[in-house]
Amino acid sequence: MNKIEVAARPRPRASVLNIDAYIPGKSPEAGAVKAYKLSSNETPLGPSPLAKEAYRDFGDHLQTYPDGSARALRAAIGERFGLDPAQIICGAGSDEIIHLLASAFLEPGDEGVYTEHGFLVYRIAILAAGGVPVVAPEKNLTADVDAILAKVGPRTRIVFIANPNNPTGTYLPAAEVERLAAALPPHVLLVLDGAYAEYVTQADYSAGIDIVARHEHVAMTRTFSKIYGLAAIRLGWCYAPRAICDVIHRIRAPFNTSGAAMAAGIAALSDVEHLDKAIAHNARWLAWLTQEISALGLKVTPSAGNFLLLHFDSEAEAQDADLFLTERGLILRAVAAYGLPHCLRLTVGLEEPNRLVIAALKDFLESKRPARA
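Residues numbered from 1 in each chain as written. Predicted model: local features only at pLDDT ≥ 70, side-chain atom pairs only at ≥ 80, totals over all residues. Heavy atoms only, no water.

Per an unreviewed UniProt entry, the protein goes by Histidinol-phosphate aminotransferase and derives from Methylocapsa palsarum. For the protein, the Sequence similarities (unreviewed entry) comment in UniProt is given as "Belongs to the class-II pyridoxal-phosphate-dependent aminotransferase family. Histidinol-phosphate aminotransferase subfamily." (UniProt positions renumbered as here; feature names shortened; annotations may be inferred.)

On to unusual backbone geometry. Of note, the amide linkage connecting Asn-163 to Pro-164 takes the cis form, showing an omega dihedral of 0 degrees. Along the chain, Pro-164 falls in the loop between strand 5 (156–162) and helix 6 (174–183). Phi at Asn-41 takes a positive value of approximately 55 degrees, unusual for a residue other than glycine. With respect to the helices and strands, Asn-41 occurs in the loop between strand 1 (36–37) and helix 1 (49–57). Since its relative accessible area comes to 1%, Asn-41 is described here as buried. You will see that Leu-141, though not glycine, has its phi angle at about 60 degrees, which is positive. (Helix = DSSP H or I, 4+ residues; strand = E, 2+ residues; numbered from the N terminus. Buried < 20%, exposed > 50% of the residue type's maximum accessible area, 1.4 Å probe, protein only.)

It is worth spelling out the UniProt feature "modified residue: N6-(pyridoxal phosphate)lysine" (unreviewed entry) in the protein at this point. Taken from the UniProt record, the annotation "modified residue: N6-(pyridoxal phosphate)lysine" (unreviewed entry) applies to Lys-226. Relative to the assigned elements, Lys-226 resides in the loop between strand 7 (218–223) and strand 8 (236–239). Not counting residues up to four positions away in its chain, the partners in contact with Lys-226 are Ser-40, Asn-41, Thr-43, Ala-195, Tyr-196 and Tyr-199. (Contact = heavy atoms within 4.5 Å.)

Looking now at the state of the cysteines. Each disulfide consists of a covalent bond between the sulfur atoms of two cysteine residues. A full pass over the atoms with the stated rule returns 0 disulfides. With no disulfide of its own, Cys-245 lies closest to Cys-238 among cysteine sulfurs, the gap being 6.0 Å. By relative accessible area, which is 2% here, Cys-245 ends up buried. (Disulfide = S-S within 2.5 Å.)

Burial within strand 10 (residues 307–311) is extensive, with 5 of its 5 residues counted as buried. By the alternation rule, side chains of strand 10 split into Phe-307, Leu-309 and His-311 and Leu-308 and Leu-310, which are all buried. The pairing of strand 9 (residues 299–301) with strand 10 spans 3 bridges and is classified as antiparallel. Residue Lys-299 lies in a different strand from strand 10, and its bridge partner there is His-311. The antiparallel pairing of strand 9 with strand 10 creates a hairpin that spans 5 residues between the two strands. Sheet topology note: the strand 10/strand 13 (residues 343–347) ladder contains 5 bridges and is antiparallel. The residue bridging Phe-307 from the neighbouring strand is Thr-347, located in strand 13. (Pairing = 2+ DSSP bridges.)

Now the structure itself:
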C-alpha cells in the first residue's frame, strides 16, 4: 500500500512560487531632503477638485455597503465614452481586472502571451492562474504583431498588450491592433490595457473601444489611477463583450469597488476641464523633457504616455545616475525587472521638478564625461 505524502505545511500551487513579487516605484524617505516622486507615473496635477469633494462627502456613508453592481459608475463611464453599461466591469484598479481575466480564462498549463518589456503584472496574473507565461520579442522596444502571433500555440488562451506600453512609452497604431485581433484564433482572449490612453495625442492610436465593438474575443481595461489622479483609492474598469462580462461577474468579489472610489470616479469623469488641463500639461512637458534630455546626449525612447525611458551607457551608469538623482531628491524608477537594466523611467512632473531633473542630469553627465569619452 502506497503512503500518501503529507506536506509539513500548506503548499501553494507551484506556479505561484515562480512569481517575483511586484515592486512599485520608490517613494521619498521620511526626513530626507525635499523630494519629488517621479517614479510611479502619477499625475502631477492631482485629482479633480470635484473628485476630492465627492470623496470627502462620502465619509457620511462609510457604514453602508457599496452597490455591488457599480451601476452608477458604469452608467457614468457609458455616458462619457458612448458605451453600453452592461458591457462594463468595474474593479479595484485595472490590475484587479487583469487578474480576473487571467483567472477566468486560463486553465492550469494554458499559455498567456505578453511582450518582452510589457507590464510586469501580466506575468504575475498568468502564473497566479496556473498558466504558463510566454514572452514575445519586441522590435525597437515596441510590441510586434508578427512576433506575438508567432508565439500563439495550441495552449494559448490569452494575450496581453499594454498600449501605450509601460515602461517604454511606445504604442501600436490602431491598424496594427486590429490586425492582431483579426489574426488571433477566436478562442484566444486579447486584452488591451489602456492605462495611459487619455495621454495619447497621436492620430493613428485607438484605446480599443472600436476594436472591442468588432470582436467577441477582445477586452479593454482602463484606470482612474493615472490621468484622473485616483491611484490611492484603486479604481479601474473594463469594456468587453457581454459573454466575457458575464464570466467576470461570476468570479469577482461581491463588493470589489468601494463606494468612496465610485463616488470620486463619477465626479472625475464629469470634470472635463481638469482632464483637458492634465492632457495639455503632459503634452507640453513631455515634449520639453524629450528635447532637453536628448540635447544632453542621452537616448530617450519617444513616448505616448506621461513618462520617458532614459537610456544610459551601461547598467552601472544607470545605477549611478539613479543614486545621484535620489541624493538631489529626484526619485526615478529603475526598470531592470523589465529587462532594461541600463534605463531609468521618468514621470512627467510639474515645472519645478522637470527643470531640476534636467539640471541634475546635466551635472551627472558632466561628472561622467571623462569616463564616457
